[in-house]
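# Per-entry structural report
Read off the chains here:
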Amino acid sequence: DVKVTQSSRYLVKRTGEKVFLECVQDMDHENMFWYRQDPGLGLRLIYFSYDVKMKEKGDIPEGYSVSREKKERFSLILESASTNQTSMYLCASSKGLAGYNEQFFGPGTRLTVL
Amino acid sequence: KNQVEQSPQSLIILEGKNCTLQCNYTVSPFSNLRWYKQDTGRGPVSLTIMTFSENTKSNGRYTATLDADTKQSSLHITASQLSDSASYICVVSASNDYKLSFGAGTTVTVRA
């Protein structure tokens, strides 16, 4: 059974803190994605990675960075958390990059920045 | 700009009743359309995928339709169950872009 796991379900941080969100997939997928999900908005792509150490900016990369040192692990980093980064963060992975490849999602991390 | 609009934003139905969710998109050139189900506190899970040539696809009590000419899709839930309470997200893929276009979702609440 395919599985994407995220390190925390809920996280509360203070403004200015450095925040790490971890994602691990066990499907040997090449591609991994980080999205944020806000009420009334569709999922928005922050960053994605198509191989180890390779990354590309998505639609809203400002204030975020990523790291992919191993194929199965993709980390999202908030260098200096701000209140407007309070959101649900979803990680996903897929075998191929073309749109017909299903993206498999993790359970999400609900981050609150105070 | 590629966009996906879903309606209604939310709906409440009684257990056993049917409902239909709508998705309109402007994504071009069109590749495929997926419906995802997202339970509260969980990540989205794919229900169906439809390509240009398909106009109906079923997955148990879920039936998706696609009209590629009018750029509309619907998801019909038959004989709803309490476990159908979730957010349903329409996701459209363009053939010239790896990025997906996500609708904001329709929240369905099934009441006993």
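First things first, this report covers the structure right here in the doc.

Cut-offs applied
- Residues numbered from 1 in each chain as written.
- Chains lettered and ligands numbered in written order.
- Predicted model: local features only at pLDDT ≥ 70, side-chain atom pairs only at ≥ 80, totals over all residues.
- Heavy atoms only, no water.
- Helix = DSSP H or I, 4+ residues; strand = E, 2+ residues; numbered from the N terminus.
- Rg over C-alpha atoms; globule rule 2.2 N^0.38 Å.
- Buried < 20%, exposed > 50% of the residue type's maximum accessible area, 1.4 Å probe, protein only.
- Contact = heavy atoms within 4.5 Å.
- Areas by Shrake-Rupley, 256 points an atom, 1.4 Å probe, with all protein chains shown as cover.
- Lys, Arg positive; Asp, Glu negative; His and termini not counted.
- Charge placed at Lys NZ, Arg CZ, Asp CG, Glu CD.
- Pairing = 2+ DSSP bridges.
- Axes fitted to C-alpha atoms, helices over the stretch in contact; angles between N-to-C directions.
- Salt bridge = Lys/Arg side-chain N within 4 Å of Asp/Glu carboxyl O.
- Patch = residues over 30% accessible without salt bridge, like charges linked within 9 Å, V, L, I, M, F, W, Y side chains within 5 Å.
- Polar contact = N/O pair within 3.5 Å; in protein donor to acceptor, adjacent residues only side chain to side chain.

### Regarding the overall build of chain B
When helices and strands are tallied, chain B shows 0 helices and 11 strands. Taken over the C-alpha trace, chain B has a radius of gyration of 13 Å; the compact-globule value for 112 residues is 13 Å, and the two agree within 12%. Here the C-alpha coordinates of chain B stretch approximately 45 × 25 × 20 Å along the principal axes. Taking all 112 residues of chain B together, the buried fraction comes to 46%. By sequence separation, contacts in chain B at least 24 residues apart represent 56% of the contacts at least 6 residues apart. As presented, chain B carries roughly 5400 Å² of accessible surface, and 46% of it is formed by carbon and sulfur atoms. Charge separation in chain B, taken as the distance between the mean sites of 10 positive and 8 negative side-chain charges, equals 5 Å.

### Regarding the sheet that holds strand S3 (residues 19–25) of chain A
All names here are of chain A. Overall, antiparallel pairing links the 4 strands, which are arranged S1-S3-S8-S7 in an open sheet. Edge positions in the sheet fall to strand S1 (4–6) and strand S7 (64–70), since each has one partner strand and no second. Geometrically, the sheet is characterised by an average inter-axis angle of 20° between neighbouring strands, direction not taken into account. For S3 and strand S8 (residues 73–78), the ladder comprises 6 bridges, and the chain directions are antiparallel. Pairing of leucine 21 across the sheet is with leucine 76, part of S8.

### Quick look at the pattern of salt bridges
All names here are of chain A. Applying the stated criterion across every chain yields a total of 12 salt bridges over all chains. With a closest N to O distance of 3.0 Å, aspartate 28 and lysine 71 form a salt bridge. Taken together, the residues span a long stretch of sequence, with aspartate 28 in the loop between S3 and strand S4 (31–37) and lysine 71 in the loop between S7 and S8 at a distance of 43 residues. Its relative accessible area of 27% is what places lysine 71 among the partly exposed residues. Linked through salt bridges whose partners overlap, the residues forming this network are Asp28, Glu30, Lys71 and Lys95.

### Focus: the pairing of strand S9 (residues 87–94) of chain A
Residues and elements named next belong to chain A. Taken across its 8 residues, S9 has 8 buried, putting it largely inside the fold. Side chains of S9 alternate between two faces, with Ser87, Tyr89, Cys91 and Ser93 and Met88, Leu90, Ala92 and Ser94 buried alike. The pairing of S4 with S9 spans 7 bridges and is classified as antiparallel. For methionine 32, the partnering residue across the bridge sits in S9 and is serine 93. As paired elements, S9 and strand S11 (residues 109–113) share 3 bridges and run antiparallel to each other. Among the inter-strand pairings, methionine 88 is bridged to a residue of S11, identified as arginine 110.

### Points about the environment of leucine 78 of chain A
Residue and element names in this part refer to chain A. Tracing the backbone through its elements, the reader meets leucine 78 in strand S8. For leucine 78, a relative accessible area of 0% gives the class buried. Each C-alpha atom of the pair leucine 78 and phenylalanine 20 lies 6.6 Å from the other, and the pair is 58 residues apart in sequence.

### Concerning a nonpolar patch on the surface
Residue and element names in this part refer to chain A. Nonpolar side chains collect at one region of the surface, where Tyr50, Met54 and Leu97 lie side by side and expose about 230 Å² of accessible area between them. Topologically, leucine 97 is positioned in the loop between S9 and strand S10 (104–105). For leucine 97, a relative accessible area of 30% corresponds to the partly exposed category.

### Concerning the side chain of serine 87 of chain A
Residues and elements named next belong to chain A. The residue serine 87 is located in strand S9 in this model. Within the structure, the side chain of serine 87 is placed 2.7 Å from the side chain of aspartate 38, a separation counted as a polar contact. Apart from the residues within four sequence positions on either side, serine 87 is in contact with Arg36, Gln37, Asp38, Thr109, Arg110 and Leu111.

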